[in-house]
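# Structural description and commentary
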Amino acid sequence: SIADGYPGLLGEISASVNSVKDRLVRLTQTLESVAAGDLSDLAAYRSINNGTGRRCDNDRIAPAVAAMIESVLALVADIDTLSAAAVAGRLSTRAEVSRHQGDFARAVTGVNRTFDAVVGPLADAQAALDLLADRDLTARMTGDRPGDFAALKEAINTAAETIDRGLSQVALAAD
């Protein structure tokens, strides 16, 4: 330690420098952990100075680090919720964007929009298939659909058309 061997004020200054150095090392370790996806340091930053998040009145680092970790944890929690909902087939579930700020809000909005982009075509496909099941052979998926949804629309509409033609041929042959 630098403070060892220095008397008086110089020793106090050396001790303060060591304290700042130790805090910067700890902060660097925490930031590296967060970058690697380890958010376990939140409790340590919340507990600084009896839960106030501050070591002294002008310490803004500890509360900022705690707030950063809390923001990332909220994002992870919402993504976990949306993922579990999707796996369970609950595609109407959405994350609350107002819980997030900046790019985190943008990311949550993007995931919500992804769900919206899936729900519409699936609802249209289900509606067309329900009508076909009720023997309405004119039922088709409508509207422009991008990418894989266009292929789904084409497959459903082709199947409906093939069934309709086949039954029409059976009816003609029966007559």
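Whatever comes next refers back to the structure up there.
Residues numbered from 1 in each chain as written. Predicted model: local features only at pLDDT ≥ 70, side-chain atom pairs only at ≥ 80, totals over all residues. Heavy atoms only, no water.

### As for the overall build of the chain
A count of helical and extended segments in the chain gives five helices and zero strands. Its helices and strands in sequence order give the chain the pattern α-α-α-α-α, from N to C terminus. Here the C-alpha atoms of the chain give a radius of gyration of 30 Å, more than 25% beyond the 16 Å that 2.2 N^0.38 yields for 175 residues. Dimensions along the principal axes, computed over C-alpha positions, put the chain at roughly 115 × 25 × 25 Å. Burial statistics for the chain: of 175 residues in total, 23% are counted as buried. (Helix = DSSP H or I, 4+ residues; strand = E, 2+ residues; numbered from the N terminus. Rg over C-alpha atoms; globule rule 2.2 N^0.38 Å. Buried < 20%, exposed > 50% of the residue type's maximum accessible area, 1.4 Å probe, protein only.)

### Focus on helix α1 (residues 8–35)
Residues separated by three or four positions in an α-helix point in the same direction, a consequence of the helix having 3.6 residues per turn. Over its 28 residues, α1 runs 41 Å from end to end, which matches the ideal 40 Å to within 8%, given 1.5 Å per residue. Listed as buried for α1 are Gly11, Ser14, Asn18, Leu27, Thr30 and Val34. Where α1 is buried, its residues meet α2 (42–46) and α3 (61–87). Positioned one or two residues after α1, Gly37 has a phi angle of 90 degrees, which is positive. (Expected span 1.5 Å × (residues − 1). Contact = heavy atoms within 4.5 Å.)

### What to know about the pattern of salt bridges
Taken as a whole, this structure holds seven salt bridges when the rule is applied. Arg94 serves as the salt-bridge partner of Asp116, at 2.6 Å between the closest nitrogen and oxygen. Linking Asp116 in helix α4 (residues 102–133) with Arg94 in the loop between α3 and α4, this pair joins segments that are 22 residues apart in sequence. Given the relative accessible area of 44%, Asp116 is considered partly exposed. The exposure class of Arg94 is partly exposed, given its relative accessible area of 30%. Among the ionic pairs, Arg106 bridges to Asp103, the shortest N-O distance being 3.4 Å. Of the two residues, Arg106 and Asp103 both sit in helix α4, three residues apart, roughly one turn of that helix. Residue Arg106 is classed as exposed on the basis of its relative accessible area of 58%. Residue class for Asp103 comes out exposed when judged on its relative accessible area of 53%. (Salt bridge = Lys/Arg side-chain N within 4 Å of Asp/Glu carboxyl O.)

### Observations regarding unusual backbone geometry
We note that Arg135 has phi near 70 degrees; this positive angle belongs to a residue other than glycine. By the element assignment, Arg135 lies in the loop between α4 and α5 (147–174).

### A look at the environment of Leu39
Mapped onto the secondary structure, Leu39 falls in the loop between α1 and α2. Through-space distance from the C-alpha of Leu39 to that of Leu73 is 7.3 Å; in sequence the pair is 34 residues apart.

### Observations concerning the packing of α1 against α3
Relative orientation of the contacting elements α1 and α3 amounts to 10 degrees, with a least axis distance of 12 Å. Viewed along their axes, α1 and α3 adopt a mutual orientation that is roughly parallel. Here Leu27, Thr30, Leu31 and Val34 of α1 come into contact with α3, specifically with Ile61, Val65, Met68 and Ile69. Taken together, the residues of the contact of α1 with α3 break down into seven nonpolar, one polar and no charged. (Axes fitted to C-alpha atoms, helices over the stretch in contact; angles between N-to-C directions. Parallel < 35°, antiparallel > 145°, perpendicular 65-115°, else oblique. Nonpolar A, V, L, I, M, F, W, Y, C, P; charged D, E, K, R; others polar.)

Remember, this is a structural readout, not a statement about activity or role.
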